[in-house]
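Coordinate inspection notes
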Amino acid sequence: MTATPAIGARTAGPDLLRSVFRRHAAGVAVITAAHGGRPVGFTATSLTSVSADPPMVSFGVGTGASSWPAIRETGHVGVHILGEHQQELAATFARSGADRFGAPTAWREGPEGVPVLDGTPAWLVCRIVARVPAGDHRLVLAEAVAGDPDGEGRPLLYQGGRFNALRD
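The written sequence of each chain sets the order in which its residues are numbered from 1. Reporting in this predicted model follows two pLDDT cut-offs: at least 70 for local features of residues, and 80 or more for side-chain atom pairs to be given and counted; totals over whole chains, interfaces and linings ignore these cut-offs and use all residues. Values shown for side chains rest on all heavy atoms present in the structure; no hydrogens or waters enter the calculation.

1. A closer look at the nonpolar core
Most often, soluble globular proteins have nonpolar side chains that are buried together. Throughout, nonpolar core names a set of buried Ala, Val, Leu, Ile, Met, Phe, Trp, Tyr and Cys residues whose side chains join them through atoms within 4.5 Å. To sort residues, take the accessible area from a 1.4 Å probe on protein chains only and compare it with the maximum for the residue type: under 20% means buried, over 50% means exposed, and anything in between is partly exposed. Counting 18 residues, the largest nonpolar core has Ile31, Phe42, Phe59, Ile71, Val77 and Cys126 as its most contacted members. Labels follow the DSSP assignment, with helices taken as runs of H or I lasting at least four residues and strands as runs of E lasting at least two, numbered in each case from the N terminus. Counting residues per element, the ones that place at least two in this core are strand E2 (29–35), strand E3 (38–44), strand E5 (55–62), helix H2 (68–73), strand E6 (76–81), strand E9 (122–134) and strand E10 (137–148). The criterion used for residue contact is that any of the two residues' heavy atoms lie within 4.5 Å. Discounting chain neighbours no more than four positions away, the residues touching Ile31 are Val40, Gly41, Phe42, Ala44, Phe59, Ile71, Val77, Gly78 and Val79. With 11 residues, the next largest nonpolar core counts Val28, Leu89, Ala90 and Ala91 among its residues.

What follows is the structure, encoded as structure tokens:
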């Protein structure tokens, strides 16, 4: 018996993957690092909890991204869970060429010299343990070394090419 493609099935490729994942709601995070004495960061929707013991997360970063050189060379990163009140912050860290750490972004130097954003519902500082090649990206595995889960706000989501809030 020969398998027939499902009705409407398209050939796999970058456009299909983007179209499918526009239908997927994901939490929004900002990843930060220090590089050459200055802060860098980017918006990520690929953040995943990997392990509770040891406490480990993963995220993807494109090798063509402006933040990749810092992530490639640094030992620690900041992982910030954004709240629905931080749509503009998410957009700033997603925008190419933006002054991501200029006003109105509020931040401070945190553990291990990592930039920590103010006003997020939760954040971690993590030690990078691996950078795994994955196509045009690297999958970064990082172990939490410090953090704060007690900030205010409900989580920000990304779906359909837009930032969204949870509905009750």
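2. Re the sheet that holds strand E1 (residues 26–27)
Consider a sheet: its strands pair through backbone hydrogen bonds, and that pairing is either parallel or antiparallel. Any two strands between which DSSP finds at least two bridges are classified as paired. In spatial order, the strands read E1-E11-E12; together these 3 strands make up an open sheet with antiparallel pairing. A strand with exactly one partner marks an edge of an open sheet, and here the two such strands are E1 and strand E12 (162–165). When strand E11 (residues 156–159) meets E12, the two strands line up antiparallel, connected through 4 bridges. From the neighbouring strand, Leu157 faces E12, where its bridge partner is Asn164.

3. Observations concerning the packing of aromatic side chains
Only the six-membered ring of Trp is used, alongside the rings of Phe and Tyr, when aromatic pairs are assigned; centres must lie within 6.5 Å, and planes under 30 degrees apart are stacked while those over 60 apart are edge-to-face, with the rest tilted. Tallying each qualifying case throughout the model produces 4 aromatic pairs. Between Phe101 and Trp107, the ring centres sit 5.2 Å apart and the planes meet at 75 degrees, which makes this aromatic pair edge-to-face. A residue is classified by how much of its surface remains accessible, and Phe101, at 12% relative accessible area, is buried. With relative accessibility at 33%, the residue Trp107 sits in the partly exposed group. Members of the aromatic cluster, connected to one another through ring pairs, are Phe93, Phe101 and Trp107.

4. A short note on the sheet that holds E5
The 7 strands are arranged E3-E2-E6-E9-E10-E5-E4 in an open sheet whose pairing can be described as antiparallel. Both edges of this open sheet fall to E3 and strand E4 (48–52), since each of them pairs with a single strand only. Between one strand axis and the next, the sheet turns by 35 degrees as a mean value, whatever way the strands run. Direction of pairing for E9 relative to E10: antiparallel, over a ladder of 11 bridges. In the sheet register, Ala130 faces E10, and the bridge partner there is Leu141. Structural elements are reduced to axes, namely lines fitted to C-alpha atoms, with helices fitted over the stretch in contact, and the angle between N-to-C directions of any two is expressed from 0 to 180 degrees. Against the sheet, helix H3 (residues 87–94) engages E2 and E3, with an angle of about 110 degrees to E3.

5. Concerning a nonpolar patch on the surface
Taken together, Leu17, Val20 and Phe21 make up a surface patch of nonpolar side chains, about 300 Å² in accessible area. Note on placement: Leu17 falls in helix H1 (residues 14–21). Like charges within 9 Å and nonpolar side chains (Val, Leu, Ile, Met, Phe, Trp, Tyr) within 5 Å are joined into patches, using only residues over 30% in relative accessible area that form no salt bridge. Areas reported here follow the Shrake-Rupley algorithm with a probe of radius 1.4 Å; residue values treat only the protein chains shown as occluding. Salt bridge, as used here, is a side-chain nitrogen of Lys or Arg placed within 4 Å of a carboxyl oxygen of Asp or Glu.

6. Remarks on the environment of Phe101
Turning to its location among the elements, Phe101 is positioned in the loop between H3 and strand E7 (107–109). Taking C-alpha positions, Phe101 is 23 Å from Ala144, a pair spaced 43 residues apart along the chain. Not counting residues up to four positions away in its chain, the partners in contact with Phe101 are Thr32, Pro39, Val40, Gly41, Phe93, Trp107, Pro115 and Leu117.

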